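Chain by chain, the residues run as shown.
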Amino acid sequence: MPTFESIAGSSSMNRRLFLTATGALSLGAALTACGGGDSGGGSASTEPVSQADIDKAMTTPTELTFWTWVPNIGKEIALFEKKYPAVKVKVVNAGQGTPQYTKLRTALKADNGAPDMVQMEFQAIPTFTVTDSLLDLRPFGASALKSQFVDWTWGQVSGSNGEIWAIPQDTGPMGMLYRKDIFDEHGIDVPATWDEFAAAARKLHKADPGVYLTNLAQNQPAAWHGLLWQAGGKPYVTAGKSDITVSVDDAVSRKLGAYWGTLAKEDVIGVEPDFTDGWYAALNKGKYATWLTGAWGPAFLSGSAKATAGKWRAAPMPQWDAAEPGAGNWGGSTTAVIRSTKNPIQAAVFAQFLNSDPASARMFATEQFFFPATKALLADTAFLGDTPEFYGGQKVNEVFADIGTKVDPSFQWPPFLDRVATDWTETVGKSLADKTDTVRALGTWQSRITTFAKGQGFTVKGG
């Protein structure tokens with residue numbers, strides 16, 4: 001397992017590419033509820049495909065097209081092609097996150113040009129299943145893989161009737177990276193609860209007005225959803241294809257809104273946009289003493305804040321109830337098969353192999369530096385035992401692996417995520433930036449989502 005320094009120094013992994021490769025930047029803007037259409041072509045049967053048919057398909061000369069933004073994925077694909085030499089995989093980078101989804105929607109509407117397989121973030125899956133665009137992988141043996149993957153990730157790729165819409169690839173359980181030197185200088189203990197975190201934020205900024213305990217970016221709905229996930233929120237609960245309960249202004253959401261809104265109003269946390277030049281400079285100069293981030297964050301930070309090497313450590317996020325710790329997730333991707341594929345068996349076998357084959361899964365962790373979705377890698381002593389100098393020799397992977405065991409598997413995403421994300425930025429995010437009433441902004445966000453969903457033909461409950 002390479003060190004985090006070698007991860008950060010990889011010439012193939014610049015800052016934005018790393019984030020998009022891990023699914024960290026984009027909340028995903030794909031099909032709206034009225035977009036897409038029946039993609040046809042592929043088998044929609046739930047009857048198992050015989051092993052004889054699978055064997056025959058995998059020895060039939062075939063070319064598959066795979067849309068992905070993962071850098072250097074040719075190494076993993078070479079493993080697949082070595083096992084199945086009759087099947088060749090053509091890789092196409094159709095964009096990173098949102099641009100890819102937009103092109104995919106266009107291809108599906110036109111019934112022309114869609115790939116066989118596609119990289120898809122967890123949160124984007126419902127946006128495509130509502131339009132019948134993904135192939136259920138159960139008939140091709142995917143159910144047998146369930147025990148290999150972290151439980152909550154399998155919940156993210158599963159449908160309400162047991163469908164398996166994709167195979168998990170990587171994850172982003174949220175933890176807290178913190179500046180040990182700043183904590184030590186100001187006598188701050190690692191906060192175990194959010195009350196302790198708020199007290200530390202006020203103490204630190206009072207002692208040094210040029211330093212904030214953290215930054216909650218006004219442009220980052222992904223981070224907000226991760227915090228909401230950790231708090232036990234159930235913002236979107238779907239039933240079938242047309243019923244959804246929207247609860248972004250319920251008691252849990254209001255607790256979150258009041259907490260972060262108050263800290264923003266008091267100006268004891270930062271709220272500047274993240275992944276900008278100013279934000280990078282702030283991390284390097286010590287403006288922020290923590291970063292609440294997904295498990296991809298440690299590798300990213302070691303390349304983006306090199307001036308602070310050795311000063312950071314990792315810890316779980318503070319808890320609302322220390323006796324019942326929970327965690328949320330920010331980031332991560334899957335491999336899905338488009339239902340219009342002319343080669344459903346080969347495409348389904350590829351999606352499964354790419355993410356469950358031990359050698360391929362390990363490559364994602366060591367070549368692209370993804371945080372694993374397989375239980376085997378998360379229990380691997382070499383992976384857990386890595387001690388990067390950037391984090392003072394701490395076993396950072398071990399910290400995030402433990403956090404991942406506490407992620408609630410029942411969290412759901414809406415089938416119109418692009419609109420939800422835009423509305424968050426224009427309401428809740430704006431309230432943080434303007435230091436206005438964040439709780440009131442939640443009500444506006446709820447109203448906007450509800451109006452949009454009803455306009456798309458959904459039956460909406462809640463709020």
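Small disclaimer: the values here were computed from a predicted structure and weren't measured.

> Please set out the overall build of the protein chain residue by residue, giving values where relevant.
Counting its secondary structure elements, the protein chain contains 20 helices and 13 strands. Radius of gyration (C-alpha) of the protein chain: 22 Å, near the 23 Å computed for a compact globule of 463 residues. Looking at the protein chain as a whole, 59% of its 463 residues are labelled buried. Pairs at least 24 apart in sequence give 79% of the contacts found in the protein chain among residues at least 6 apart. Summed over its atoms, the accessible surface of the protein chain is roughly 17,000 Å², and 50% of this surface lies on carbon and sulfur atoms. Taken together, the 41 basic and 46 acidic charged side chains of the protein chain have centroids lying 3 Å from each other.

> Residue-level account of the nonpolar core, with values.
Counting residues in hydrophobic clusters, the biggest one holds 139 residues, and the most contacted among them are Trp260 and Trp445. At eight residues, the largest contribution of residues to this core is made by helix H14 (residues 344–356). Excluding residues within four positions of it along the chain, tryptophan 260 makes contact with Trp194, Phe197, Thr214, Leu216, Trp224, Leu227, Ile269, Leu292 and Leu432.

> Provide a residue-level description of the packing of helix H19 (residues 417–434) against helix H20 (residues 438–455), including the pertinent values.
Contact geometry of H19 with H20 gives a least axis separation of 8 Å together with a crossing angle of 160°. Judged by the angle between their axes, H19 and H20 are roughly antiparallel. Where H19 crosses over H20, the handedness of that crossing is right-handed. Across the interface between the two elements, Arg419, Val420, Asp423, Trp424, Glu426, Thr427, Val428, Ser431 and Leu432 from H19 touch Thr438, Ala441, Leu442, Thr444, Trp445, Arg448, Ile449 and Phe452 from H20. Its residues assigned to classes, the contact of H19 with H20 shows nine nonpolar, four polar and four charged.

> Got a sec to walk through the pairing of strand S7 (residues 236–239)? Specific residues and values, please.
The pairing of S7 with strand S8 (residues 243–246) spans four bridges and is classified as antiparallel. Its bridge partner being in S8, valine 237 is matched across the sheet by threonine 245. As consecutive antiparallel partners, S7 and S8 are separated by three residues, and within that stretch glycine 240 has a phi angle of approximately 65°, a positive value.

> An account of the packing of helix H10 (residues 221–230) against helix H11 (residues 251–265) is needed here, citing residue identities and associated values.
In the contact formed by H10 and H11, the axes pass within 10 Å of each other and the chain directions differ by 120°. The angle between H10 and H11 places the two elements in the oblique class. Regarding H10 and H11, the two cross each other, and that crossing is right-handed. Judged by residue contacts, Trp224, Leu227 and Leu228 of H10 engage Val252, Ser253, Leu256, Gly257 and Trp260 from H11. Partitioning the contact of H10 with H11 into residue classes produces six nonpolar, two polar and no charged.

> Please provide a residue-by-residue account of the sheet that holds strand S13 (residues 459–461), values included.
Reading across the sheet, the three strands line up as S7-S8-S13 and stay open at both edges, with mixed pairing between neighbours. Whereas interior strands pair on both sides, the edge strands pair on one side only; in this sheet they are S7 and S13. Each adjacent strand pair in this sheet contributes to an overall mean axis angle of 20°, direction not counted. Taken together, the three bridges between S8 and S13 define a ladder with parallel strand orientation. Within S13, the position partnered with aspartate 243 by the bridge is threonine 459. Relative to the sheet, H20 contacts S7, S8 and S13, its axis offset from that of S13 by approximately 160°.

> Which residues make up the confidence of the model for the protein chain, and what values go with them?
Residues of the protein chain with pLDDT of at least 70 account for 90%, and the chain-wide mean is 91. Of the regions scoring below 50 in pLDDT, residues 1–13 engages in 33 contacts with residues more than four places distant in sequence or in other chains. Here residues 27–43 is modelled with pLDDT under 50, and outside its nearest four sequence neighbours on either side it reaches 68 contacts, counting other chains as well.

> Outline the environment of glycine 294, supporting the account with residue identities and numerical values.
As for its placement among the helices and strands, glycine 294 is situated in the loop between strand S9 (290–293) and helix H13 (297–304). With near-sequence residues (within four places) excluded, glycine 294 lies in contact with Gly172, Pro173, Met174, Trp330 and Phe400.

> Can you explain the layout of surface pockets? Please cite residues and give values.
As a volume, the largest pocket reaches approximately 750 Å³. Considering the residues around the largest pocket, the lining is formed by 37 residues, among which Thr129, Ser158, Gly159, Ser160 and Trp165 are closest to the centre. At the level of secondary structure, the elements contributing two or more residues to the lining of the largest pocket comprise helix H6 (125–129), helix H7 (151–157), S7 and S8. Across the lining of the largest pocket, the residue classes break down as 16 nonpolar, 14 polar and seven charged. Empty space within the second largest pocket amounts to approximately 260 Å³. Around the second largest pocket, the lining comprises 15 residues; the ones closest to its centre are Tyr84, Phe140, Gly141, Val349 and Gln352. Sorting the residues of the lining of the second largest pocket by element identifies helix H3 (51–58) and H14 as the ones contributing at least two each. When its residues are assigned to classes, the lining of the second largest pocket shows eight nonpolar, five polar and two charged.

> Tell me about helix H12 (residues 277–285), residues and numbers included.
Along H12, the residues classified as buried are Trp279, Tyr280, Ala282 and Leu283. Along H12, the residues classed as buried sweep out an arc of 160° about the axis, all on the same side. For H12, the exposed residues lying more than 90 degrees away from the buried face are Asp277 and Lys285. Following H12 by one or two positions, glycine 286 adopts a phi angle in the positive range, close to 80°.

> With reference to specific residues and values, describe helix H5 (residues 98–110).
Over its 13 residues, H5 extends 19 Å from the first C-alpha to the last, a length consistent with the 18 Å expected when each residue adds 1.5 Å. Of the residues making up H5, those classed as buried are Gln100, Tyr101, Leu104, Ala107 and Leu108. Around the axis of H5, the buried residues are gathered within 125° of arc, so they sit on the same side. Across H5 from its buried face, at more than 90 degrees, point the exposed residues Thr106, Lys109 and Ala110. For H5, the secondary structure elements touched by its buried residues are strand S1 (62–67), strand S3 (117–121) and H6.

Calculation notes
- Residues numbered from 1 in each chain as written.
- Predicted model: local features only at pLDDT ≥ 70, side-chain atom pairs only at ≥ 80, totals over all residues.
- Heavy atoms only, no water.
- Helix = DSSP H or I, 4+ residues; strand = E, 2+ residues; numbered from the N terminus.
- Rg over C-alpha atoms; globule rule 2.2 N^0.38 Å.
- Buried < 20%, exposed > 50% of the residue type's maximum accessible area, 1.4 Å probe, protein only.
- Contact = heavy atoms within 4.5 Å.
- Areas by Shrake-Rupley, 256 points an atom, 1.4 Å probe, with all protein chains shown as cover.
- Lys, Arg positive; Asp, Glu negative; His and termini not counted.
- Charge placed at Lys NZ, Arg CZ, Asp CG, Glu CD.
- Core = buried A, V, L, I, M, F, W, Y, C linked by side-chain atoms within 4.5 Å.
- Axes fitted to C-alpha atoms, helices over the stretch in contact; angles between N-to-C directions.
- Parallel < 35°, antiparallel > 145°, perpendicular 65-115°, else oblique.
- Left-handed = near helix turned anticlockwise from the far one by under 90°.
- Nonpolar A, V, L, I, M, F, W, Y, C, P; charged D, E, K, R; others polar.
- Pairing = 2+ DSSP bridges.
- pLDDT = per-residue confidence, 0-100.
- 1 Å grid on protein atoms, 1.4 Å probe; cavity = no way out; pocket = protein on both sides within 12 Å on 5 of 7 lines; lining within 4 Å.
- Points joined across faces, edges and corners; volume = space filled by probe spheres on them.
- Arc of directions from axis to C-beta.
- Expected span 1.5 Å × (residues − 1).

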